[in-house]
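The chain contents come next:
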Amino acid sequence: MATIELEHIRKEYGTDIAIEDLNLDIEDGEFITLVGPSGCGKSTTIETIAGLTKPTSGTVSIGERDVTKLPPKDRGIAMVFQNIALFPHKDVYDNISFGLQLRKFDEAEIDKRVEKAADTVQLNGMLDRMPSEMSGGQRQRVAIARAIVRQPDAFLMDEPLANLDAELRVHMRTQLQRIHDELDTTIVYVTHDQAQAMTMSDRIAVIDDGDLQQFAPPLECYNEPANLFVAGFIGSPAMNFIEGHLTAQGFESDAGYLDVEFDPSTVDAAVGQDVVLGARPEHVLPSDTATGDVTAQIDTYTDVTEPMGKEIFVYLVTDQGATVDMEDPGASGQLLMSVGPAADVGEDEPLSVVFDKSNLHLFDADSEVALAHGLSEPATVDGSEDTPASADD
Amino acid sequence: MSQSTQPETDSTDTDTGGLFTNWVDSAIANPKKVYRAMFATVAIFFLFTTLFPLYWLTMIAFSDGSRVSEGVGLLPTGFDPSSFIEIFQQVPFHLYMFNSLVFATLTTIFVLLIASLAGYAFGRLQFRGKRPMMLAVLVISFFPPAAFFIPLFQLFNQQISFLGITPPELYSTPGGVVIPLSAVFLPLAIFILTTFYGQIPDGLEDAARIEGTTRLGALFRVIVPLSAPGVATAGILTFIAVYNEFFFSFLMTGAAAQDWAPIVDGIISYRSQFQVRYDLMAAASIVAVLPVATLVVIAQEKIVSGLTSGALKE
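Computed from a predicted model, the values in this text were never measured in an experiment.

Reading guide: rules and limits
- Residues numbered from 1 in each chain as written.
- Chains lettered and ligands numbered in written order.
- Predicted model: local features only at pLDDT ≥ 70, side-chain atom pairs only at ≥ 80, totals over all residues.
- Heavy atoms only, no water.
- UniProt positions renumbered as here; feature names shortened; annotations may be inferred.
- Helix = DSSP H or I, 4+ residues; strand = E, 2+ residues; numbered from the N terminus.
- Pairing = 2+ DSSP bridges.
- Axes fitted to C-alpha atoms, helices over the stretch in contact; angles between N-to-C directions.
- Buried < 20%, exposed > 50% of the residue type's maximum accessible area, 1.4 Å probe, protein only.
- Polar contact = N/O pair within 3.5 Å; in protein donor to acceptor, adjacent residues only side chain to side chain.
- Contact = heavy atoms within 4.5 Å.
- Right-handed = clockwise from strand over helix to strand, strands pointing away.
- Domains from an automatic or database assignment.
- Buried area = accessible area lost by both parts, 1.4 Å probe.
- Nonpolar A, V, L, I, M, F, W, Y, C, P; charged D, E, K, R; others polar.
- Phe/Tyr/Trp six-rings, centres within 6.5 Å; stacked < 30°, edge-to-face > 60°.
- Salt bridge = Lys/Arg side-chain N within 4 Å of Asp/Glu carboxyl O.
- Patch = residues over 30% accessible without salt bridge, like charges linked within 9 Å, V, L, I, M, F, W, Y side chains within 5 Å.
- Areas by Shrake-Rupley, 256 points an atom, 1.4 Å probe, with all protein chains shown as cover.
- Expected span 1.5 Å × (residues − 1).

*Asks:* Could you clarify how one ought to interpret the UniProt feature "transmembrane region" (unreviewed entry) in chain B in this entry?
*Replies:* Residues and elements named next belong to chain B. Mapped onto this numbering, the UniProt entry gives "transmembrane region" (unreviewed entry) at residues 37–57, 101–122, 134–156, 176–197, 218–240 and 280–299. Annotation note: span residues 134–156, helix share 91%, strand share 0%, distance between end C-alpha atoms 28 Å. Structurally, residues 280–299 comprises 100% helix and 0% strand, and the distance from its first C-alpha atom to its last is 29 Å.

*Asks:* Where do I start with the UniProt feature "domain: ABC transporter" (unreviewed entry) in chain A in this structure?
*Replies:* UniProt annotation of "domain: ABC transporter" (unreviewed entry) refers to residues 4–234 of chain A when read in the numbering used here. The span residues 4–234 of chain A is 36% helical and 26% strand by assignment, and the distance between its end C-alpha atoms comes to 24 Å.

*Asks:* What should I look at first to understand the sheet that holds strand S19 (residues 350–355) of chain A in this one?
*Replies:* By way of backbone hydrogen bonds, the strands of a sheet pair with one another, either parallel or antiparallel. Residues and elements named next belong to chain A. Strand order across the open sheet formed by five strands is S15-S19-S16-S17-S18, with antiparallel pairing between neighbours. The two strands at the open ends of the sheet, each matched to only one other strand, are strand S15 (284–286) and strand S18 (334–339). For this sheet the average axis-to-axis angle between neighbouring strands, irrespective of direction, equals 50°.

*Asks:* Would you explain the side chain of A:Gln196 in this entry?
*Replies:* Residues and elements named next belong to chain A. Looking at where Gln196 falls in the secondary structure, it is placed in helix H6 (residues 194–200). Residue classification places Gln196 among the buried residues on the basis of a relative accessible area of 3%. At 2.6 Å, the side chain of Gln196 and the side chain of Tyr189 are in polar contact. Residue contacts for Gln196: discarding those within four places in its chain leaves Leu161, Arg169, Arg173, Tyr189, Thr191 and Ser201.

*Asks:* Got a minute to help me understand the pairing of strand S7 (residues 154–158) of chain A in this structure?
*Replies:* Within a regular strand, side chains alternate between the sheet's two faces. Residue and element names in this part refer to chain A. Across the five residues of S7, five count as buried, placing the element largely inside the fold. Burial along S7 is two-sided: Ala154, Leu156 and Asp158 facing one way and Phe155 and Met157 facing the other are all buried. Here four bridges tie strand S6 (residues 77–80) to S7, and the two strands are oriented parallel to one another. If you follow Ala78 over to S7, its bridge partner there is Phe155. The β-α-β motif built from S7, the intervening helix H5 (residues 166–183) and the parallel element strand S8 (residues 186–191) has right-handed crossover chirality.

*Asks:* Looking at this structure, how should I read the domain arrangement of chain B?
*Replies:* How big an interface is tends to be stated in terms of the accessible area lost upon association of its parts. Residue and element names in this part refer to chain B. By the assigned domains, chain B splits into domain 1 (2–81) and domain 2 (87–308). Once you take the C-alpha centre of each, domain 1 and domain 2 turn out to be 36 Å apart. Taken together, the contact between domain 1 and domain 2 spans seven residues of the former and seven residues of the latter. Taken over both partners, the interface formed by domain 1 and domain 2 buries close to 580 Å², and the fraction arising from carbon and sulfur atoms is 82%. Contributing elements (two or more residues each) for the side of domain 1 that touches domain 2: helix H3 (32–62) and helix H4 (65–68). For the side of domain 1 that touches domain 2, the element with the highest residue contribution is H3, accounting for four residues. Of the residues belonging to the side of domain 1 that touches domain 2, the class tally is four nonpolar, three polar and no charged.

*Asks:* Is there a simple way to explain the packing of aromatic side chains in this structure?
*Replies:* Each aromatic ring pair is described using two quantities: the centre-to-centre distance and the angle formed by the ring planes. All names here are of chain B. Following the criterion strictly, the structure yields 23 aromatic pairs over all chains and no others. Plain terms: the ring middles of Phe52 and Tyr55 are 6.0 Å apart, the flat faces sit at 45° to each other, and that makes the pair tilted. In this pair, Phe52 and Tyr55 are both assigned in helix H3, three residues apart and thus about one turn of the helix distant. On the basis of relative accessibility, which here comes to 22%, the residue Phe52 falls in the partly exposed class. A centroid spacing of 6.2 Å and a plane angle of 35° characterise the contact between Phe103 and Trp260, whose relative ring orientation is tilted.

*Asks:* Looking at this structure, how should I read the interface of chain B and chain A?
*Replies:* Contacts between the two partners involve 19 residues from chain B, matched on the other side by 24 residues from chain A. Interface of chain B and chain A: buried area, both sides summed, is about 1,900 Å²; carbon and sulfur atoms make up 63% of it. A:Arg150 is the partner of B:Glu211 in a salt bridge, and the nearest nitrogen-oxygen pair spans 3.3 Å. Scanning the region where chain B abuts chain A turns up four residue pairs in polar contact (both at pLDDT 80 or more). Within the residue set of the side of chain B that touches chain A, elements represented by two or more residues are helix H10 (202–211) and helix H11 (215–226) of chain B. Of all the elements, H10(B) adds the most residues to the side of chain B that touches chain A, at eight residues. Tallied by class, residues from the side of chain B that touches chain A come to eight nonpolar, five polar and six charged.

*Asks:* Can you walk me through a nonpolar patch on the surface in this structure?
*Replies:* Residues and elements named next belong to chain B. Judged by side-chain polarity, Leu106, Ile109, Phe110, Leu113, Ile114, Leu117, Leu216 and Phe220 come together as a nonpolar surface patch covering roughly 710 Å² of accessible area. Residue contributions to the nonpolar patch peak at six residues, all from helix H6 (residues 93–124). Mapped onto the elements of the fold, Leu117 is located in helix H6.

*Asks:* In this structure, what is going on with H5(A)? I would like to understand it.
*Replies:* One turn of an α-helix holds 3.6 residues; hence residues three or four places apart share an orientation. All names here are of chain A. Over its 18 residues, H5 runs 26 Å from end to end, which matches the ideal 26 Å to within 8%, given 1.5 Å per residue. Looking at the buried side of H5, the elements it contacts are strand S3 (31–35), helix H3 (107–120), helix H4 (136–148), S7, S8 and H6. At the exit of H5 stands Asp184, carrying a positive phi of roughly 55°.

The following block contains the structure:
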C-alpha cells in the first residue's frame, strides 16, 4: 500500500510530446482510472509509473520514495497488461510464482502464497496448466494472480479487460472491484472505456493530448466537467454543445433558435463573450412532459430514433430537412435527446423540447473552461439529482 | 549420380508402352499423380546424392585394408571391421576428436552469448545508428576469413603487438581457433537471433521486468527460452561449421593431438610415407560424424518441441 505521486512529468519521443506536464497525487488505497482517447498519453503515464519508460523530466514517487531512477523491479509495483503477457513457456504455477522465485522466497512460502492468490481469482486446480490451454478470462485471472501474489505497494493495470469479450469484461470488472476491496491496495487503471472508469474508480484522471484535464470522482466529472473536453468525453452518448454568446438576459445561440435566461453576472464572463452551452441528452426534455425550471420551448423535428431498450435516443434537428454536418452536428442545429422507453416519439415529426436549466453547463468558447454548472436562478452547483441512470421522467 | 536413376525410368517407359500410356491417361484424369511422381523423383535424387557418399565411406571403412589401394567399386572388397579399432591404435584419434569438439563447443557458447546480446539490441531496442551497425556486421561477414589469417597468425605467435600489448601466445591453443572462428560465425548468428528476439512481444519482456528481472534477466529467462528454435538453429549451424572447419583449425594448431590439432590432422596422419590407409580414413570420418549426427538428432527434437508447444502464441 502506498501513495503515488507524479510531479511535473514530461515525456518526449523525439519531437513528439507524449506528456506535457503531468501532476498526479494518488492516495493510499485509492482506485484511480486514467481515461482519454487513444494516443492521449495515458499508457505512457502508467509506463512511467512502472519504470518501463523513463520520463524526460519530472519525478515519480511511490510510497513517498523517489523511484524515478529505479528499474521496474525495485519499485514495489505489479502490473497487468492489455495483452495479458503470461510467459507461454511456463505453467500457471511458474507464471504466478515467477516474481517470488526471482526474489528467492523459500518453497513453502511460495506454495502458500500461490495457493492464496489462486484462491482469490478462483484458479484452484489449474496450476499445472499451460497458458495456451486456457481461455482468455482464465489467462487474465492468472495475470491478476501473478500481480497480487507479490503483495506489491501498488497495482498498475493497462487496459487489462480490453482483449476480453463484452460479457467477460463486465464479469471481470466486478471481480477486480472485489479484489480491490479485499486487498485495499492502490490501483492505477488505464482504459479508454468510460463504463469501466465510471463504475470502478474512486477518482478519474481525464487526460487529453498529454495534459490532465480533470482529476475528480467519476460523478463529479460527469456532473461538473471542468472543461469542454471532459464534458464531451465523459458520458455516452456525448453532451450536446450549442455555440452562442452571453447577453444581458443570459445565453443566446448563434443559430438563433435558443435563448436561456439567467443572470449573466453569476458567471465569470463578460456580456458579449462567446460561450458554449452544454446539455446532456437526458436533460433535453419533451416540453409537454417537462416540469420544473426549464428553458423556453424550442421547435424541432425528430430525425432518427434509436430505441436502446431502457431508453430511446432521439436525434432532433431545428430545421426540417436540414443536412447535418457530420463533423460538427451541434453547429447545424442537431440535438440528441434521451427519453424513457415509454415515450411516443416517431421519426420526422415536429416536437418541441426544453432544457432542464439546473443541469445546463456553460463553457468559455476560447479557453474551453467551464463557467457554470446549472443555470437556474440563482446559479447553483447541484449534482445530486442527475445521476446518469435517472434520465427523465 | 542422377544417371543411375534415369535409365530405370527410361527402361520402364520403353518396355511397357501400354502401361505408360495408361499411366499418362490416369495422370491427366488425376493430376495429383504427377505431383506424386515428381516428388518421388526429386526425393530419390536428393536421397541418393546425400546418402551415397555415406554408403561409399562405410563401404571403404569395412573393406579389407590391404586391398583398398588396388581400387574400389560399388561393393566392399572383403570385410574387415577392425579398422574401427585400428584408427584409435595408430593415432590417438579420440584426442583429435576431443580437440575439435572443444573448439566447436567453446565457439558455440561464445557465439550464442555474444549474438544473444547483439540480437537483443538489434531486435528489441531503438537506437541511433542501428541500421549502419547492422550493415557493418553484414559487410564484415562478407570478408573472406583467409584475409584475416596472416595478421592473426602473426599476432597469435607474438610476432606483433596489439595496442602496445603483446598477447599471450595463442598459437596451438584453443584460443587461437576459437577467437577467430567466433568472429567469423558471429554475423550469421546475430542475424538469426535478431529476427527471433525481435518477434517476442514487448509485453512479455515488460512483464518479466516488472516481476523482478533486469533487462539481461528478461533476455535469458524469457526471450531466449521462447526463441529456443532460433537459438538451436544458430547453435547447430555454428557447431557444425566449426567442427567441420579446416582452415583456421588446421593452420592455427600443431600437427599432434597434444598441440590441439583437429580431426583433419588425425585423418591425414593415416597417410604415411609408404602407404595411404584409405580404409582407416573412411572409418575415422564415420566416427567423426557421430557426435554431430547425435547433436542434430537431439536438437531437432528440441526444435520440434519448441515449435509445437505453441511457445510464441500469445
